[in-house]
Amino acid sequence: MAVIKHEGCIRLDLNNPVFQGQLLTLQKAERHAALDSLKKIRQLTWNQLYRDPGIKWEKITSIKPPAGIDAVYSLRISRSRRGTAHREGEYMRLLTIAPDHDATYRRK
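Just so you know, these numbers come straight off a predicted model, no measurement behind them.

Definitions and cut-offs
- Starting afresh in each chain, residues are numbered from 1 along the sequence in its written order.
- Side-chain atom pairs in this predicted model are given and counted only at pLDDT of 80 or more, local residue features only at pLDDT of at least 70, and totals for whole chains, interfaces and linings cover all residues.
- For side-chain calculations, the full set of non-hydrogen atoms in the structure is used, while hydrogens and water are omitted.
- Side-chain atoms within 4.5 Å link the members of a nonpolar core, which is a set of buried Ala, Val, Leu, Ile, Met, Phe, Trp, Tyr and Cys residues.
- Exposure is judged per residue with a 1.4 Å probe applied to protein chains only, and the accessible area is read against the type maximum: over 50% gives exposed, under 20% gives buried, and values in between give partly exposed.
- Secondary structure follows DSSP: runs of H or I at least 4 residues long count as helices, runs of E at least 2 residues long count as strands, and numbering of each begins at the N terminus.
- The contact rule is simple, with two residues in contact once any of their heavy atoms fall within 4.5 Å.
- pLDDT measures the predictor's confidence residue by residue and takes values from 0 up to 100.
- When DSSP finds two or more bridges between two strands, those strands count as paired.
- One less than the residue count of a helix, multiplied by 1.5 Å, gives the span that helix is expected to have.
- It is the directions from the helix axis to the C-beta atoms whose arc is reported.

Caption draft 1: Seen up close, the nonpolar core. Among the nonpolar cores identified, the biggest contains 18 residues, and Ile10, Ile41, Leu49, Trp57, Leu75, Met92 and Leu94 are the most heavily contacted of them. Broken down by secondary-structure element, the contributors of at least two residues to this core are α1 (17–24), α2 (28–41), α3 (46–51) and β5 (91–97). Beyond its immediate chain neighbours, meaning those up to four positions away, Ile10 contacts Ile41, Arg42, Leu44, Thr45, Trp46, Leu49, Glu90 and Met92. Listed in part, the five residues of the second largest apolar core include Ile60, Ile63, Val72 and Leu95.

Written out as structure tokens, the structure reads:
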């Protein structure tokens, strides 16, 4: 069996139970949009992600990151939803999918 190596591409960690629960409870259209976004992200390098106008990877400065995490970032998951994640080496560790844009930044 051949091993496909994604040299330089972002590797996704979708194992956070909060993220999984929120992803799986999205309405069908939003869930498909989220999966399309994740598919796109895993084909990008980190430098491409930083410049991508559709993903809009942004550092969240309004919240303190959990212990052991340098910074938490928001990213566009669908047209109406943003997610949170952090970078750990080549991995993007997904944390949450907010119910609306403001909730990502805890401004509600």
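The discussion continues.
Caption draft 2: Spatial organisation of the confidence of the model for the protein. Put simply, the protein has an average pLDDT of 88, and 85% of its residues get 70 or more. The secondary structure element of the protein with the lowest average pLDDT is helix α4 (residues 101–104), at 54, and the one with the highest is strand β1 (residues 11–13), at 97.

Caption draft 3: Main features of the pairing of strand β4 (residues 82–88). Where burial is concerned, most of β4 is hidden: five out of the seven residues are buried. The sheet contact formed by strand β3 (residues 73–76) and β4 spans four bridges and is antiparallel. Bridge pairing in β4 links Tyr73 to Ala85. Remark: five residues form the turn of the hairpin made by β3 and β4, two consecutive strands paired antiparallel. Pairing between β4 and β5: six bridges, direction antiparallel. Along β5, the bridge assignment pairs Gly83 with Ile97.

Caption draft 4: Main features of α2. The end-to-end C-alpha separation of α2 is 20 Å, in line with the 20 Å expected for 14 residues at 1.5 Å each. Among the residues making up α2, those that are buried are Glu30, Ala34, Ser37, Leu38 and Ile41. Looking straight down α2, one finds that the buried residues subtend no more than 100 degrees of arc, so they occupy a single side. Across α2 from its buried face, at more than 90 degrees, point the exposed residues Lys28, Ala29, Asp36 and Lys39. Where α2 is buried, its residues meet β1, α1, α3, β3 and β5.

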